[in-house]
Amino acid sequence: MEHHMMPIIKGYKPTLNLVETEIAIKAIKDFFEDKLAQELNLTRVSAPIFVRSGRGLNDNLNGIERPVAFDAKSIDDSIIEVVQSLAKWKRMALARYRFKAGEGLYTDMNAIRRDEDLDNTHSMYVDQWDWEKIITKEERKEATLVDTVKKIYEVFKATERYLSLRYSQFEEKLPDDIHFITSQQLEDKYPNLTSKEREDSIAKEYGAVFIMKIGGALKSGEKHDGRSPDYDDWELNGDIIFWNPVLKRAFEVSSMGIRVDEEVLLKQLKLAHCEDRTSLQYHSAVLDRKLPYTIGGGIGQSRICMFFLRKAHIGEVQAGIWPEDIIERCEERGIMLL
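Note that the coordinates shown come from a computational prediction; the quantities given were computed from them, not determined experimentally. (Residues numbered from 1 in each chain as written. Predicted model: local features only at pLDDT ≥ 70, side-chain atom pairs only at ≥ 80, totals over all residues. Heavy atoms only, no water.)

**Q** Explain the overall build of the protein to me, using residue names and the numbers behind them.
**A** For the protein, the count of helices and strands is 9 helices and 11 strands. Taking 20 Å as the expected radius of gyration for a compact globule of 338 residues, we find that the protein reaches 20 Å, a close match to that expectation. By principal-axis analysis of the C-alpha atoms, the protein measures approximately 55 × 50 × 40 Å. In the protein, buried positions account for 54% of the 338 residues. A separation threshold of at least 6 residues defines the contact pool for the protein, and within that pool the share at least 24 residues apart is 74%. Accessible surface computed for the protein: about 15,800 Å², of which carbon and sulfur atoms make up 50%. Considering the protein, the positive charge centre built from 49 side chains and the negative charge centre built from 58 side chains are found 3 Å apart. (Helix = DSSP H or I, 4+ residues; strand = E, 2+ residues; numbered from the N terminus. Rg over C-alpha atoms; globule rule 2.2 N^0.38 Å. Buried < 20%, exposed > 50% of the residue type's maximum accessible area, 1.4 Å probe, protein only. Contact = heavy atoms within 4.5 Å. Areas by Shrake-Rupley, 256 points an atom, 1.4 Å probe, with all protein chains shown as cover. Lys, Arg positive; Asp, Glu negative; His and termini not counted. Charge placed at Lys NZ, Arg CZ, Asp CG, Glu CD.)

**Q** Tell me about the sheet that holds strand E10 (residues 249-259), residues and numbers included.
**A** Strands sit in the order E1-E5-E6-E11-E10-E9-E8-E7 across an open sheet of 8 strands; the sheet is mixed. Each edge of the sheet is formed by a strand with only one pairing partner; in this case those strands are strand E1 (42-44) and strand E7 (179-182). Each adjacent strand pair in this sheet contributes to an overall mean axis angle of 25°, direction not counted. In the sheet, strand E6 (residues 125-135) pairs with strand E11 (residues 293-300) via 8 bridges, with the strands oriented antiparallel. (Pairing = 2+ DSSP bridges. Axes fitted to C-alpha atoms, helices over the stretch in contact; angles between N-to-C directions.)

**Q** An account of helix H8 (residues 301-308) is needed here, citing residue identities and associated values.
**A** Counting buried positions along H8 yields 8 of 8 residues, so the element is predominantly enclosed. Within the sequence span of H8, burial applies to Gln301, Ser302, Arg303, Ile304, Cys305, Met306, Phe307 and Phe308. Just past H8, the residue Arg310 takes up positive phi, approximately 55°.

**Q** Describe the pattern of salt bridges, listing the residues and the values that go with them.
**A** Per the counting criterion, the structure on display carries 28 salt bridges. Two residues, Lys29 and Asp127, come together in a salt bridge whose shortest N-O distance is 3.7 Å. Taken together, the positions of Lys29 in helix H1 (residues 18-40) and Asp127 in strand E6 put the pair 98 residues apart, joining distant regions of the chain. Since its relative accessible area comes to 6%, Asp127 is described here as buried. One salt bridge connects Arg277 with Asp230, and the closest N-O pair in it is separated by 2.7 Å. With a gap of 47 residues between them, Arg277 in the loop between helix H6 (262-271) and helix H7 (281-287) and Asp230 in the loop between strand E8 (208-212) and strand E9 (232-244) connect regions that are remote in the sequence. With respect to burial, Arg277 and Asp230 carry one shared label: buried. (Salt bridge = Lys/Arg side-chain N within 4 Å of Asp/Glu carboxyl O.)

**Q** So what's going on with the side chain of Arg140? Which residues, and what values?
**A** Locating Arg140 in the fold gives a position in the loop between E6 and helix H3 (142-166). Looking at Arg140, the relative accessible area reads 13%, which means it is buried. Beyond its immediate sequence surroundings of up to four residues, Arg140 is in contact with Ile135, Asp233, Leu236, Ile258, Arg259, Val260, Asp261, Val264 and Tyr293.

**Q** Run through the pairing of strand E5 (residues 104-112), naming residues and quoting values.
**A** Regular strands place their side chains on alternate faces of the sheet. Relative to E5, E1 runs parallel, the two being bridged by 3 bridges. The residue of E5 that forms the bridge with Leu42 is Gly104. Bridge count for E5 against E6 is 9 bridges, and the pairing is antiparallel. Opposite Tyr106, over in E6, you have Trp131 as the bridge partner.

**Q** Residues and numbers for the packing of aromatic side chains, please.
**A** Going through the model one piece at a time under the given rule, you end up with 13 aromatic pairs. Taking the centre distance of 6.3 Å and the plane angle of 40° together, the rings of Phe156 and Phe308 count as tilted. In this pair, Phe156 is assigned in helix H3 and Phe308 in helix H8, connecting sequence segments 152 residues apart. There is no split in this pair, since Phe156 and Phe308 are both buried. (Phe/Tyr/Trp six-rings, centres within 6.5 Å; stacked < 30°, edge-to-face > 60°.)

**Q** Which residues make up the side chain of Arg227, and what values do they have?
**A** The topology assignment puts Arg227 in the loop between E8 and E9. When its relative accessible area of 12% is taken as the criterion, Arg227 is described as buried. In this structure the side chain of Arg227 is engaged in a polar contact, spanning 2.4 Å, whose partner is the side chain of Asp239. A polar contact of 3.0 Å, which involves the side chain of Arg227, links it to the side chain of Ser255. (Polar contact = N/O pair within 3.5 Å; in protein donor to acceptor, adjacent residues only side chain to side chain.)

Okay, here's the thing in structure tokens:
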């Protein structure tokens, strides 16, 4: 199978060797994680790497990805799935651990996405900080989302400052402020471009953008991007996207949003023709108002290391398995895969 790697910038040379890269990865992750927890008032918790199948707890992502599933000798009543994300698990954990409004949790999320198309920014292994925070019903509004995005952006800015002081070769590239735009405003601005091309154009213009309202159909009838109908409220979500100076294109570092309440869940399940999910454990807990109202998201760990360390390939900041043609092309271009 031929894999389509994005063109690598001619003359790309990594500025750190393998060992220096590993040291820098740890420095970035430690700093970012502490700062994020402080900024959003989050407590670190342990998270599962697998869940029972058939309970509606695993993330369906776009609905077509096949989770990695297996049976286990000691668990004879169900198939077990490796998580694809922890979007639903986190909300249930907040209820179980009896967190209060204004408090939240974060965790190291590791996942396997077997149907991922591999390229410079996608591998089969996903590592992100998954976070979730309790809000009140009244806080389920755009102002809460915008305020939270600004706080997270401050964490990015602080990490970039920290790194540029520690390594003189990495100068600060992020703008002072992040720009907000809805997916519909983006379509209106660039009606003849695809959604990915629109992201490239807006990221190049502003350096850092938050594209809001992802999941529903736009006026053109197209969606900006697919979103699972059962956790994000498509009117109150979005992606944090930076302009990547190495790859010369838009680079998503986080996806987040205010989560569905009972009304929105029913509406989005209907739109997605997934009404059969209402009887599942997580979905009925939302519908019966047994779960808190929350805001949450995921922040890619390898993605931010790639961005801050100016790497051209995700395999430079995480250990993984790659097809031979990708390994060969990386070697030709001086890209050192971990």
